[in-house]
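These are the residues of each chain, in order.
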Amino acid sequence: MSDGRWSALQFLAGAIVMAGAALAPDTAGAAEAPQRVMSLNLCTDQLAMALAAPGQLVSVSFLARDRSISPMWREAQNYPVNHGLAEEVFLEQPDLVLTGTFSQHNTTHLVRKVGIPVEEFDFAMTLETIPGEIRRMGDLLGQQEKAEKLAADFSTSLEAIERRQCEPKPTILAFEQNGVSPGKDTLADSVFRAAGFRNLAAEAGLVGAAPFPLELAIAEEPDVIVVQSHEDDAPTLGAYVPQHPALKHLQSRIDAFLPPGSWACNGPLIIDAVKRLAELRQEIAPCPAEASR
Amino acid sequence: MKPAALNLGLLGLVVLFFLVSLAVGSAGLGITDSITGIIAGGSDVGGIIMREIRLPRAILALAIGFTLGMSGAVLQGFLRNPLAEPGLIGVSGMASLGAVILFYLGLAGNTLYALPAGALLGALIAVALLLALAARSSSTLTLILAGVALSSLAGALTSLVLNLSPNPFASYEIIFWLLGSLKDRSMEHVWLALPLMITGWLLIALSGRTINALSLGEEAAASLGISLPRARAMIVLGVALGVGAATAVAGGIGFVGLVVPHLLRPFTDGVPNRLLLPSGLGGGALLLAADTVCRVVLPAGELNVGVVTALIGAPFFLWLVVRTRREAA
């Protein structure tokens, strides 16, 4: 991802923050917006960083700064980090704690027990739910205007991409560590379908992220194979599987294409992954209308 | 049974299991596709799957099984101890540990060559330690207890190193290093391990005369002009090279070296030397079969091959312990 796009996004986000902050008191009706919010989960981190007013978000999870899983790791450098521990929450005494339903049940339970409000986000694995998540986070943070704009932009971009698609669709396979592929009911599958691809792992009957046999990857010869770019990571044997020499014989386009962690969370940034793959799709199999444009 | 007949029979078994191993996989290729795929070359799908995925896997299963079977036979002969086996006495565990330390901590950079280097070092330390111990006390119990301690320690340290790795995926590989697998290996792995394993086989084969003489007792062996230190060095190096290389590419696979020599000993005339080649072939056949079972039982996820060998080997081990006790009593 280019730095230019990042900074543009940041600028945009900053501009909206100011507008949102000015308008926030008017959007009353509900309770007053919390002034000190703590996010314990990588995915709520992304939503909160995109929407919170300056100073409103007191800390994000340490994972948000990890460039191998967090697409917003640059922004996360501007926030203090927590490690999802109840003790950290007690010390900070925030007005609101944000976390996911997947993890940290014990922490959530403890924090609720001492009377600090906790909001849990359940991340359903489709793109369609994302505008709803953005609006919910906007309500919680008292940033409704900003959330509304972000959610509307998201829906518009997504619909525009989906409207452009045509048959026949090229095939795609995400081949990750140890040959694991996201199949049905994953956010990646939703991203692939929106960008106009057929996800081979889902068609092969994989549900969730599951191992996709290397032999099948060769036999099916997908048009695109998405691997992860992890050059600067500590070594693992699993990272060698997507580099297996057998894959070099295929005609498939094999590349990382996307920054790490692009579909880890259903935050607003996932639309960048959809756009990127939609461009790739038009490049390898242009739709007629698209080609004449 | 005549040695030649036994070896030919086992060779037939190896060839059969090798072909079955080539024919089994998630992409449904027939036997004829498989064979033409290998011979014809070409870049069609069948050819790529055969040459790049199934052939290296079958070669590795054969070579690693051969190494483990032969190492078990030579250790049992040399230590005059029926329970000696690379997995059980901690050689495989220490080889895993060495490989894990060099590879995951990035001490040798992000390269596959760190694996055999580390595994060799670990295996060497383990075999040398055990032989030093065995030289002082010839008790079966001492050796096995030391082996168990070494195995557990190596297993714990392997898990620790993998948990310490900054890469969150590394800890998922604990199961590979403890249970072994041949999944998705490539020709790179074959070239990495095969030369070392062959060198190990040669060293072990050269020490055959020594273990024959040793079956008469150490003094008798010395009076026959056998140099024990030299023989010991050759066996240590041979086993460490073979098991180290095997572990570097397939993780720790247990029990093959234990079961195979025992199964085949009744078919030989009791001369330890004549058990080496049959044990190698038998080990190859067993590991080829076990690896095929892994792919058939759980086609998508795949079992770890160490699970299958342990399912065969552990009950056998118990039976062996009971029998040894009865004989001792």
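It should be emphasised that the depicted structure is a prediction, and the values quoted were computed from it without experimental measurement.

## A look at the overall build of chain A
Across its full length, chain A carries twelve helices and eleven strands. Among the 293 residues that make up chain A, the fraction classed as buried is 44%. Sequence separation of 24 or more characterises 64% of the internal contacts of chain A that already satisfy a separation of 6 or more.

## Considerations on the overall build of chain B
A count of helical and extended segments in chain B gives 14 helices and zero strands. Taken from the N to the C terminus, the helices and strands of chain B come in the order α-α-α-α-α-α-α-α-α-α-α-α-α-α. For chain B, the C-alpha radius of gyration of 20 Å lies close to 20 Å, the compact-globule estimate for 329 residues. In terms of overall dimensions, chain B has C-alpha extents of about 60 × 50 × 35 Å along its principal axes. Sequence-distant contacts, at least 24 apart, represent 78% of the contacts inside chain B between residues at least 6 apart.

## Comments concerning the sheet that holds strand E11 (residues 253-255) of chain A
Residues and elements named next belong to chain A. In space, the four strands of this open sheet follow the order E8-E6-E10-E11, with parallel pairing throughout. Strand pairing shows two members of the sheet lacking a second neighbour, strand E8 (198-199) and E11, which therefore form its edges. Relative to E11, strand E10 (residues 224-226) runs parallel, the two being bridged by three bridges. Of the residues in E11, the one forming a bridge with Val 226 is Asp 255.

## Considerations on the packing of helix H3 (residues 45-78) of chain B against helix H12 (residues 256-264) of chain B
Two quantities define a packed helix pair, namely the angle between the axes and the distance from one axis to the other. All names here are of chain B. Between H3 and H12, the shortest axis-to-axis distance is 7 Å and the interhelical angle comes to 70°. Of the possible angle classes, the one that applies to H3 and H12 is roughly perpendicular. In the crossing of H3 with H12, the sense of the turn from one axis to the other is right-handed. In this structure, H3 uses Gly 65, Leu 68, Gly 69, Ser 71, Gly 72, Ala 73 and Gln 76 to contact H12, whose residues at the interface are Val 256, Gly 257, Leu 258, Val 260 and Pro 261. Across the contact of H3 with H12, the residue classes tally to six nonpolar, six polar and no charged.

## Regarding the domain arrangement of chain A
Residues and elements named next belong to chain A. Taken as a whole, chain A is organised into domain 1 (33-152) and domain 2 (166-284). Inter-centroid distance (C-alpha atoms) of domain 1 to domain 2 is 28 Å. Listed by contribution, the elements that provide at least two residues to the side of domain 1 that touches domain 2 are helix H2 (42-51) and helix H6 (130-141). Top contributing element to the side of domain 1 that touches domain 2 by residue count: H2, with five residues.

## Describing the interface of chain A and chain B
Between chain A and chain B, the residue contacts involve 22 residues of the former and 27 residues of the latter. Of all the secondary structure elements, the ones that give two or more residues to the side of chain A that touches chain B are strand E9 (209-211) and helix H10 (214-220) of chain A. When residues in the side of chain A that touches chain B are grouped by element, the largest group, five residues, is from H10 of chain A. Tallied by class, residues from the side of chain A that touches chain B come to 13 nonpolar, six polar and three charged.

## Topic: the sheet that holds strand E4 (residues 96-100) of chain A
Residues and elements named next belong to chain A. As summarised here, the arrangement of the five strands in space is E3-E2-E1-E4-E5, forming an open sheet in which the pairing is parallel. Taken across any chain shown, the strands that pair with only one partner, and hence form the sheet edges, are strand E3 (81-82) and strand E5 (118-121). Examined bridge by bridge, strand E1 (residues 37-39) and strand E2 (residues 57-61) share two bridges and lie parallel to one another. Counterpart to Met 38 in the pairing with E2 is Ser 59.

## Section: the nonpolar core
Counting 175 residues, the largest nonpolar core has Ala 48, Val 191 and Val 274 of chain A together with Val 74, Ala 123, Val 239 and Ala 240 of chain B as its most contacted members. At 19 residues, H3 of chain B tops the list of elements feeding residues into this core. When residues of this core are sorted by domain, at least three fall in each of domain 1 (33-152) and domain 2 (166-284) of chain A. Not counting the four nearest positions on each side in its chain, Ala 48 of chain A is found in contact with Val 37, Ser 39, Leu 57, Val 60, Leu 98 and Met 137 of chain A.

## Let's talk about the pairing of strand E6 (residues 171-174) of chain A
Residue and element names in this part refer to chain A. Pairing of E6 with E8 involves two bridges; the strand directions are parallel. For Ile 172, the partnering residue across the bridge sits in E8 and is Asn 199. Across three bridges, the pairing between E6 and E10 is parallel. The partner of Ala 174 across the bridge, within E10, is Val 226.

## Digging into the packing of H3 of chain B against helix H13 (residues 276-297) of chain B
All names here are of chain B. Between H3 and H13, the shortest axis-to-axis distance is 6 Å and the interhelical angle comes to 135°. Looking at the two axes, H3 sits oblique to H13. For the element pair H3 and H13, the recorded crossing hand is right-handed. Across from Ala 58, Ala 61, Leu 62, Ile 64, Gly 65, Phe 66, Leu 68, Gly 69, Met 70, Gly 72, Ala 73 and Val 74 in H3, the residues of H13 making contact are Leu 276, Ser 279, Gly 280, Leu 281, Gly 282, Gly 283, Gly 284, Ala 285, Leu 286, Leu 287, Leu 288 and Asp 291. Split by residue class, the contact of H3 with H13 holds 15 nonpolar, eight polar and one charged.

## Here we look at helix H11 (residues 228-250) of chain B
The first and last C-alpha atoms of H11 of chain B sit 32 Å apart over 23 residues, in line with the 33 Å expected at 1.5 Å per residue. Of the residues flanking the end of H11 of chain B, it is Gly 251 of chain B, one or two places downstream, whose phi is positive at about 75°.

## Focus on the UniProt feature "transmembrane region" (unreviewed entry) in chain B
Residues and elements named next belong to chain B. Following the UniProt record, the feature "transmembrane region" (unreviewed entry) maps to residues 58-75, 87-107, 113-134, 141-162, 190-212, 233-260 and 305-322 here. Helix makes up 100% of residues 58-75 and strand 0%. Its end C-alpha atoms lie 26 Å apart. Spanning residues 87-107, this segment combines 67% helix with 0% strand, and its end C-alpha atoms are found 26 Å apart.

## Let's talk about the environment of Gly 306 of chain B
For Gly 306 of chain B, the location among the structural elements is in helix H14 (residues 305-328). Apart from the residues within four sequence positions on either side, Gly 306 of chain B is in contact with Leu 179, Gly 180, Gly 251, Gly 252, Ile 253 and Gly 254 of chain B.

## Some details on unusual backbone geometry
Residue and element names in this part refer to chain A. Omega for the bond connecting Glu 167 with Pro 168 falls within 30 degrees of zero, at -10°, which places this linkage in the cis form. In this structure, Pro 168 sits in the loop between helix H7 (144-163) and E6. Despite not being glycine, Asn 178 has its phi angle at roughly 65°, a positive value. Here Asn 178 shows up in the loop between E6 and strand E7 (180-182). Judged by the 19 C-beta atoms lying within 10 Å of it, Asn 178 falls in the partly exposed class. Phi at Phe 257 is positive, roughly 60°, even though this residue is not glycine.

The rules behind these values
Residues numbered from 1 in each chain as written. Chains lettered and ligands numbered in written order. Predicted model: local features only at pLDDT ≥ 70, side-chain atom pairs only at ≥ 80, totals over all residues. Helix = DSSP H or I, 4+ residues; strand = E, 2+ residues; numbered from the N terminus. Buried ≥ 20, exposed ≤ 12 C-beta atoms within 10 Å, placed from the backbone. Contact = placed C-beta atoms within 7 Å. Rg over C-alpha atoms; globule rule 2.2 N^0.38 Å. Pairing = 2+ DSSP bridges. Axes fitted to C-alpha atoms, helices over the stretch in contact; angles between N-to-C directions. Parallel < 35°, antiparallel > 145°, perpendicular 65-115°, else oblique. Left-handed = near helix turned anticlockwise from the far one by under 90°. Nonpolar A, V, L, I, M, F, W, Y, C, P; charged D, E, K, R; others polar. Domains from an automatic or database assignment. Core = buried A, V, L, I, M, F, W, Y, C linked by C-beta atoms within 7 Å. Expected span 1.5 Å × (residues − 1). UniProt positions renumbered as here; feature names shortened; annotations may be inferred.

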